[in-house]
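Structural overview for review
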Amino acid sequence: MEKPEIPVEVPVSKLRARSRRDFLLFGAGTLAAAAGFWWLLPDDTRRLHLTDKMRGWLDSLEARVGATGERRERFLNGVLTFDDDVAEALYSPDRSVRTYSKSDVTPLRNNYEGKTPGPGYLPGWTLTLSGLASGKIETLTIGDLLSKFPRHDQVTRLCCVEGWSIIAWWGGLRFADLLSAYPPAPGAKWARLDSAVNLDFSGNPDPYYVSIDLPTARHPQALLATHVSGRPLPLAHGAPLRLLVPMKLGLKNIKAVTSIAYSAAEPGDYWGERGYSKYDGL
Amino acid sequence: MSSIAAAPAVPRAATRAVVVKHHALVRLSHWLNVPILFGMIATGLSIYWAAPVFEHARDATTGSTDYIADLGIWIVRHVPGASGDHDPGGWVYNRVGIGTFHLALALRLHWLFAYLFMANGLLYVLGLFLGDGYRALLPRLSDVPEALKMLRYYAGVLPAKLLRRPWPHPPVRSKYNALQRGAYFSMPILGILAVASGWAIHKPVQLKWLERLFVNYNGARIVHFTVMVVFAAFVVPHVILVFADGWDTFRSMITGWSERVREGASHGKA
C-alpha cells in the first residue's frame, strides 16, 4: 500500500544549495552525454550534422582532451569482447542447435558480399589440409570427401548478422569426421578456413577466410556441407563444399572452402578484421 | 499604546515544507535513460537498415522494399529543408540512426548501450525499492474509473481554458493519477520486453526457449522494433505533460523533492 506523503520543513538555504548541486550535476551530465555521442558518431555521419565551423570546433576540442578515433576503436573492441565473454558464460554445455522439419524450409539467399564466382574453379577444385599431426599437406577432391565420409543431413537455420535468417535442409560430412581422419597437430586449437575463389564487387579475387575454434568444429552439427535440399550445392551457395556452423552467424559459414589450416594461435578472420565480432556465437 | 512601527518585522520564512518524491537512484536512472535509449534507437535503426523486418514488394519507381526508406524518400520530396538529399532512402537512417553502411559499428554500439540499459534498469528497480517508490506504481482497481475521469479532464482542458470555464482537475489521492500510473508502470515492463526480445535476437541458439516465447526469430524482431516505437511514442506526451504540469514537477526529477504538498497531509519535521 502506498504510504501517505509526509511534508518536512527544510531550511530554504539547504534546499537552494541542494538544488544548485543537483542542477549542476544534471548540466554536467548532459554535456558529457552530448560529447560522448559526438565521439562515437562515424565521420561521414558527423558531416550530415551541424555546420563546418561547429564541427571543426568540436573536433579540435576532442583532439585536446585526447578522445581519438583510436581510443574509440579500442573501447568498442572491449565492448565486443565483453559481450562475447557473456555469451560464452551463458552457453549451455551441450550446445545443441534447434533442428526443424523439412516443411519449415525457406528460400535460400545468396549473400556473397561480392560477385558470385563462376563455374571455372569447379573442375580443378580441391580441399587442402595443413597443420596436421602427420606433418603432411593433404589434398582431397570432392570425390574423396563424398566416398570417404558418411553423409549427415540436418535442417537448421542460418542467421545473418544483418538480421535475416533462413531455414535449409543441408547435407554433408561432419567436420568432426574429417578431424578424426586427418587429426590436427598436437596443441592445435583453431582452424582457419579459406576460400581462394571469393570475389569482390567488381569480380576481382578477394580471398575470404574465417577462424573456427576446434570445439565448434567438433560439434556434431558442424558440417562441411556438400548438399542443400538433397542436391549438390549450387555455385551461389558455395559449391562444392561449404562450412555449416549453425551455432555461429552466417558470416562464419564460409562458402566454397578451398583450404583448412590448423593452428595453436587464433588465425585471422575476414569480418573480424572489419569491425565485427570474430566469436559470432548465436 | 500601540504602534505599527514597533511591531517586529515578520521574518522571511526560513524553512519550506517539501515532500520527497523520487529516490536519487530513480532520478539518476531516469536521466541516464535519455542518452541510453537515444543510443539504442540510433544504433538499432542502423542495424535494422541492413535487413528490415517490415518489407513490401519492390516499388517500381524508387526500388525500395522498406517502409523506413519510403519515409525518407517522402521527407526529401515534401519537406523543404530536406530536398536535394543525395540519399533519400537513407534519410531517416542517416539522421535518426548513426547512418547507413555502418552495421559493424552500429552492432558494437548497440551492445554497449544494451549493457548500459540493463545496468540502468537494475539501478532504477533498486531505487524504486530503496525509496519505496514502487508502492505508488502498483496498479489498483480504482485506476479504471479514475483513468476515465482523467481522459475526460484532458479532453476538455483546452476548450475549458478557451471558454474560461472552470474545469477542475479530478481529485488525486496518490503520488500519480491513474493515467500516469498506467504509463509509468508499463515502462519497466516495456524495458523487460525490450531486453528479452533483444537477447532472443542476439543469442537465438543458446536462448532458444526465449526465442520460442516470441514464436520465432522474426517474432522477436517485430516485438523488439515495436517496443522501440512505444518507447519513442511515450516520450512525446511525457514531455508535453511535464511542461504542462510545470517547473515543480521537472525539478522534482532532478532534486528529488517537491513543494507541492497535498492538502490534508500531516506535517513532520526535518
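This is a predicted model, so every value here is computed, not measured.

This next bit is on the overall build of chain B. Helix and strand counts for chain B come out as 10 helices and three strands. Scanning chain B from its N terminus toward the C terminus, one meets helices and strands in the order β-α-α-α-α-α-α-α-α-α-α-β-β. The C-alpha atoms of chain B give 25 Å as radius of gyration, which overshoots the globular expectation for 270 residues (18 Å, by more than 25%). Expressed along its principal axes, the backbone C-alpha trace of chain B runs to roughly 95 × 45 × 35 Å. For chain B, the proportion of its 270 residues judged to be buried stands at 30%. Long-range pairs, those at least 24 residues apart, make up 64% of the contacts in chain B with a sequence separation of at least 6.

Below, the discussion takes up the interface of chain A and chain B. How big an interface is tends to be expressed through the accessible area that disappears when the partners come together. In this complex, chain A contributes 48 residues to the contact, which on the side of chain B involves 46 residues. If you list the elements that add at least two residues to the side of chain A that touches chain B, you get strand 1 (8-11), helix 1 (12-40), helix 2 (43-46) and helix 4 (69-90) of chain A. Ranked by residue count, the leading element in the side of chain A that touches chain B is helix 1 of chain A, at 11 residues. Per-class residue counts for the side of chain A that touches chain B are 30 nonpolar, seven polar and 11 charged. Across four bridges, the pairing between strand 1 of chain A and strand 1 (residues 15-20) of chain B is antiparallel. Considered in strand 1 of chain B, the bridge of E9 of chain A is made with A17 of chain B.

The biggest cluster of nonpolar side chains holds 44 residues, and the ones touching the most others in it are L193, L223, L224, A225, L243 and V257 of chain A. Discounting chain neighbours no more than four positions away, the residues touching V257 of chain A are L127, L193, S195, L241, R242 and L243 of chain A. Residues I36, L37, Y48 and L105 of chain B belong to the second largest nonpolar core, which totals 27 residues.

What follows deals with the sheet that holds strand 2 (residues 127-130) of chain A. All names here are of chain A. Spatially, the five strands line up as an open sheet ordered 3-2-11-6-7, and their pairing is mixed. The sheet is open, and its two edges are formed by strand 3 (138-140) and strand 7 (208-213), each paired on a single side. On average, each strand axis in the sheet is inclined to that of its neighbour by 20 degrees, with strand direction left out of account. Judged from the three bridges that link them, strand 2 and strand 11 (residues 259-263) form a sheet pairing that is parallel. Counted as the bridge partner of T128 is S259 from strand 11.

Helix-helix packing is characterised by the crossing angle of the two axes and by the distance between the axes. Residue and element names in this part refer to chain B. It is at 7 Å that the axes of helix 6 (residues 143-163) and helix 7 (residues 178-202) come closest, and there the two elements cross at 110 degrees. Considering the angle they form, helix 6 stands roughly perpendicular to helix 7. Between helix 6 and helix 7, the residues in contact are D143, E146, A147 and M150 and A178, L179, R181 and G182, respectively. By residue class, the composition of the contact of helix 6 with helix 7 is four nonpolar, one polar and three charged.

Any segment with low pLDDT has predicted coordinates that should not be analysed in fine detail. Averaged over all residues, the pLDDT of chain A equals 91, while 100% of them reach at least 70. The spread of mean pLDDT over the elements of chain A runs between helix 2 of chain A, the lowest at 80, and strand 11 of chain A, the highest at 97.

Basis of the calculations
- Starting from 1, residues in each chain are numbered consecutively following that chain's sequence as written.
- Following the order in which they are written, the chains are lettered starting with A and the ligands numbered starting with 1.
- Residues qualify for local features only when their pLDDT is at least 70, as the model is predicted, and side-chain atom pairs are given and counted only at 80 or more; totals for whole chains, interfaces and linings, by contrast, use all residues.
- Elements are defined by DSSP. Helices are runs of H or I of four residues or more, strands are runs of E of two residues or more, and each kind is numbered from the N terminus.
- As a reference, a globule follows 2.2 Å times the number of residues to the power 0.38, and the radius of gyration itself is taken over C-alpha atoms.
- A residue is called partly exposed when the number of other C-beta atoms within 10 Å of its own lies between 12 and 20, exposed at 12 or fewer, and buried at 20 or more, with C-beta atoms placed from the backbone.
- By the convention adopted here, residues are in contact when the distance between their C-beta atoms, placed from the backbone, does not exceed 7 Å.
- Residues were grouped as follows: Ala, Val, Leu, Ile, Met, Phe, Trp, Tyr, Cys and Pro as nonpolar; Asp, Glu, Lys and Arg as charged; and all remaining residues, including Gly, as polar.
- Should DSSP find at least two bridges between two strands, the strands are taken to pair.
- To form a nonpolar core, buried Ala, Val, Leu, Ile, Met, Phe, Trp, Tyr and Cys residues must be joined through C-beta atoms within 7 Å.
- Comment: axis = line fitted to C-alpha atoms, over the contacting stretch for helices; angle = value between 0 and 180 degrees taken between N-to-C directions.
- Every angle not falling under 35 degrees, over 145, or within 65 to 115 is termed oblique; those three ranges are roughly parallel, roughly antiparallel and roughly perpendicular.
- Every residue is assigned a pLDDT by the predictor, reflecting its confidence on a scale from 0 to 100.

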